[in-house]
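Architecture and fold: a report
Residue strings, one per chain:
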Amino acid sequence: MSRAVRSVLAVWLLLMASTAASTWWFAQPLFSPVAGTLAVMLIATIKVVLVMSHFMELRGAPRPWQIAGAVWVVAAAGTVIGIYLM
């Protein structure tokens, strides 16, 4: 198996594990609803960064596109979390 395929497989497995963790683990009564929601939102933000960099090839894109992608992720996540916390 080539290095690129192993990298994509590792990222995919991480995405699947984080999906399972965020839907099962943070739904437990151990966490308050606010803490669980914030944790799920932060995990979703990390997942978006992984998808953009590994599956949308953003890590090989020119620097302005990488910056635009990072700004978009931070702005979108910050807006959703900010509105939730209001």
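This text goes with the structure placed above it.
From a predicted model like this one, the values you see are computed outputs, not experimental measurements. (Residues numbered from 1 in each chain as written. Predicted model: local features only at pLDDT ≥ 70, side-chain atom pairs only at ≥ 80, totals over all residues. Heavy atoms only, no water.)

**What to know about the overall build of the chain**
Of the regular secondary structure elements, the chain holds three helices and zero strands. When the elements of the chain are put in sequence order from the N terminus, they spell out α-α-α. The globule rule puts the C-alpha radius of gyration for 86 residues at 12 Å, and the 15 Å found for the chain is more than 25% above it. Oriented by its inertia axes, the alpha-carbon framework of the chain measures out at about 40 × 30 × 10 Å. When the 86 residues of the chain are sorted by exposure, 22% land in the buried category. Once local pairs closer than 6 in sequence are excluded, the contacts in the chain between residues at least 24 apart make up 62%. (Helix = DSSP H or I, 4+ residues; strand = E, 2+ residues; numbered from the N terminus. Rg over C-alpha atoms; globule rule 2.2 N^0.38 Å. Buried < 20%, exposed > 50% of the residue type's maximum accessible area, 1.4 Å probe, protein only. Contact = heavy atoms within 4.5 Å.)

**Observations regarding the side chain of serine 53**
With respect to the helices, strands and loops of the structure, serine 53 is situated in helix 2 (residues 33-55). Excluding residues within four positions of it along the chain, serine 53 makes contact with Leu58 and Arg59.

**What to know about a nonpolar patch on the surface**
Side chains of Met1, Val5, Val8, Leu9, Trp12, Leu13, Met16, Val51, Phe55 and Met56 sit close together on the surface and give an oily, nonpolar patch of about 930 Å² of accessible area. With six residues, the single largest contributor to the nonpolar patch is helix 1 (residues 3-24). Summarising the element assignment, methionine 1 is placed in the segment before helix 1. With relative accessibility at 67%, the residue methionine 1 sits in the exposed group. (Patch = residues over 30% accessible without salt bridge, like charges linked within 9 Å, V, L, I, M, F, W, Y side chains within 5 Å. Areas by Shrake-Rupley, 256 points an atom, 1.4 Å probe, with all protein chains shown as cover. Salt bridge = Lys/Arg side-chain N within 4 Å of Asp/Glu carboxyl O.)

**Describing the environment of serine 53**
Here serine 53 falls in the buried class, since its relative accessible area comes to 18%. Placed 13 residues apart in sequence, serine 53 and glutamine 66 show a C-alpha to C-alpha distance of 8.7 Å. One polar contact links the side chain of serine 53 to the main-chain carbonyl oxygen of leucine 50, over a distance of 3.2 Å. (Polar contact = N/O pair within 3.5 Å; in protein donor to acceptor, adjacent residues only side chain to side chain.)

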